[in-house]
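# Report on the structure
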Amino acid sequence: MFYAYVLKSLNHDYLYKGHCQDLNSRINQHNSGMTKSIVPYIPFKIIYFEVFDTIAEAVAREKYFKTAAGRRFLKTKVKDLQ
């Protein structure tokens, strides 16, 4: 299984969108500082994810989340974004 996910910084108004194969491990990597570009926004919590059979589907969904339409979609699905 593959995941497309959205993380929210607990201390900042910042969302991170990504994809992975092991969701729990990936969140732990983000919160431990392994993704250097988002270290200032640690800690994160997961606010939304979807499951896919292929990595191509997960990547496509991540790209969608990063579009204006994707951001609107997430606002309707995730109350933390309201």
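The preceding data block contains the structure.
## Considering the pattern of salt bridges
For the structure shown, the criterion picks out two salt bridges. Ionic pairing is found between Arg61 and Glu50, a salt bridge with its closest N-O pair at 2.8 Å. Of this pair, Arg61 sits in helix α2 (residues 55–65) while Glu50 is found in strand β3 (residues 44–52), placing the two residues 11 residues apart along the sequence. The buried category is assigned to Glu50, whose relative accessible area is 15%. A salt bridge links Glu62 to Lys66, with the nearest nitrogen and oxygen atoms 2.8 Å apart. Accessibility expressed as a relative area gives 10% for Glu62, which makes it buried. On the basis of relative accessible area, Lys66 is assigned to the partly exposed category, the value being 45%.

About the thresholds
- Residues numbered from 1 in each chain as written.
- Predicted model: local features only at pLDDT ≥ 70, side-chain atom pairs only at ≥ 80, totals over all residues.
- Heavy atoms only, no water.
- Salt bridge = Lys/Arg side-chain N within 4 Å of Asp/Glu carboxyl O.
- Helix = DSSP H or I, 4+ residues; strand = E, 2+ residues; numbered from the N terminus.
- Buried < 20%, exposed > 50% of the residue type's maximum accessible area, 1.4 Å probe, protein only.

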